[in-house]
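Here's the letter readout for the chains.
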Amino acid sequence: MSDDSTGAGVDQPPTRRDVRDSSASTGGVPLADGAVPAFDTANVPPRPPLPSRDVRAGLSSLDIADHNAIRDQWRLARDELGSHVSNARDQFDQANERIKERTGRDLVLAILIGLAFGGALLASLLFIKVLFVPFALAAALLGVYELALALRTSGRRVDVWPQLGAAALLVLTAFFVDVWLVWVVLFIAVAFVIVWRLVAQMITKDGRTYGDVLTDAVVAGFVQIYVPFLAAVALILLKQEGGQWWVLSFIAIAVVADTGAYAAGLAFGRHPMAPRISPKKTWEGFGGAVVGSITAGVLLAIFLLGLPWWIGVIFGIAILLSATLGDLGESMLKRDLGIKDMSSWLPGHGGLLDRLDSILPSTVPALCLYFLFSSWTVL
């Protein structure tokens, strides 16, 4: 038994104060341990010397100078590219304005809208040909509506809704019934719109002269023949065996003829073709249409229709003549009505009938040539 008041014996662990006092008494040097060897400062490699302040300042200034030079070159290249793009755009706008002043058409919008219509038409004919039916129906109804509004603006009495109803019936029956029934439906449609106009005039009793009433009746029948019946002929051709390729071919020839006439007339046009009907049509443009239509006819006959090349020549010439007559006929109609375009629905083109004026009359020779030459197909 010990008299120590703290009770610290031999087996008691050292306190924190004892450890601190022990470290202070040894000068803060840790005791050597066999498991952990002592740290030797002589084995530490010396620290590499730092570059002088002048060298560091020179390197920094060199990096900044290179960075500024690269940035200045990038800015110069960007400004030069922007200048070239701006000059090209200005030149294109000036050329487009000159073309617009000469032809009255916006070339950019005309091309974009033409590509859109061409893509929809091509898709409807390449995949399932029945998809062309709603396309033709919509074109016929819009054409009838456009023509009716133009005629009413000029003072003619045209009943729009009866015209649209008769047109829809005529176009749809062309694809879904026999050919002979189409002629019956045509007679019914023409008689229906004429009788409607005469009855409407009798109810109105506005003192309209006999000549005006007779003209209104003739115009009513003309609308049905000019737009829906010619569209129906295209559907009659469509439902024949391989008819979708004939429809695609005659539309392509008509478009090529129109484009060739436009390009050749714009570049070389000097001699007016029919100045009293269409002053902007020239013989040089007609020559471009001849070359384009015959070339397209031969290529389509050989590679698409499987026909001899000479049938392609006949096909191209026939569509060229019908397209030209249709274009001149609509120009004469617009001149008689006192308007420049049928409407302004299609920017760069005018109205829908301004684009269909050469296609609709071409349906008749295309159908005739199909029945005449389809048996000549080269297998």
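Remember, predicted model here, so these are calculated numbers, not experimental data.

Caption draft 1: Fine view of the nonpolar core. Within the largest apolar cluster, 66 residues are counted, with the highest numbers of intra-cluster contacts made by Leu 147, Leu 235, Trp 246, Phe 250 and Phe 315. At 13 residues, helix H7 (residues 210–238) tops the list of elements feeding residues into this core. Apart from residues no more than four positions distant in its own chain, Leu 147 is found in contact with Phe 222, Val 223, Tyr 226, Val 227, Leu 333, Met 342 and Leu 353.

Caption draft 2: Fine view of the confidence of the model for the protein. Taken residue by residue, the protein gives an average pLDDT of 80. The fraction at 70 or more is 72%. Here residues 1–10 is modelled with pLDDT under 50, and outside its nearest four sequence neighbours on either side it reaches one contact, counting other chains as well.

Caption draft 3: Inspection of the pattern of salt bridges at higher detail. Counted by the stated rule, this structure contains nine salt bridges. We note a salt bridge from Asp 212 to Arg 156, for which the minimum N-O separation is 3.6 Å. Of the two residues, Asp 212 sits in helix H7 while Arg 156 sits in the loop between helix H4 (132–153) and helix H5 (160–176), which places them 56 residues apart along the sequence. Between Lys 334 and Asp 354 there is a salt bridge, with the nearest N and O atoms lying 3.0 Å from each other.

Caption draft 4: Structural context of the packing of H5 against H7. With their axes 8 Å apart at the nearest point, H5 and H7 run at an angle of 20 degrees to one another. Classed by the angle they form, the pair H5 and H7 counts as roughly parallel. The element H5 and its partner H7 pack so that their crossing is right-handed. For the pair H5 and H7, the contacting residues are Gln 163, Ala 166, Ala 167, Leu 170, Val 171, Ala 174 and Phe 175 in the first and Ala 220, Val 223, Gln 224, Pro 228, Phe 229, Ala 231, Ala 232, Leu 235, Ile 236 and Leu 238 in the second. Residues belonging to the contact of H5 with H7 are distributed by class as follows: 15 nonpolar, two polar and no charged.

Scoring rules and cut-offs
- Along each chain, residues carry numbers from 1 onward, in the same order as the chain's sequence is written.
- Confidence filtering applies because this is a predicted model: local features only for residues at pLDDT of at least 70, side-chain atom pairs given and counted only at 80 or more, and all residues used for totals across whole chains, interfaces and linings.
- Hydrogens and water are ignored here; the side-chain numbers use all heavy atoms of the structure.
- Here, the term nonpolar core denotes a set of buried Ala, Val, Leu, Ile, Met, Phe, Trp, Tyr and Cys residues that are joined through side-chain atoms within 4.5 Å.
- For each residue, the accessible area found with a 1.4 Å probe, counting protein chains only, is set against the maximum for its type, and the residue is called buried under 20%, exposed over 50%, and partly exposed in between.
- In DSSP terms, a helix is any run of H or I states spanning at least four residues, a strand is any run of E spanning at least two, and both are numbered starting from the N terminus.
- Whether two residues touch is decided by their heavy atoms; if any such pair falls within 4.5 Å, the residues are in contact.
- Think of pLDDT as the predictor's per-residue confidence, scored from 0 to 100.
- Here, a salt bridge means any side-chain nitrogen of Lys or Arg that lies within 4 Å of a carboxyl oxygen of Asp or Glu.
- Orientation is described by lines fitted to C-alpha atoms, with helices fitted over the stretch in contact, and by angles between N-to-C directions that extend from 0 to 180 degrees.
- Put simply, angles under 35 degrees are roughly parallel, angles over 145 are roughly antiparallel, angles from 65 to 115 are roughly perpendicular, and the rest are oblique.
- Handedness of each helix crossing follows the sense of rotation of the near helix against the far helix: counterclockwise by less than a right angle gives left-handed, clockwise gives right-handed.
- For this scheme, ten residues count as nonpolar: Ala, Val, Leu, Ile, Met, Phe, Trp, Tyr, Cys and Pro. Four count as charged, namely Asp, Glu, Lys and Arg, and the remainder, Gly too, count as polar.

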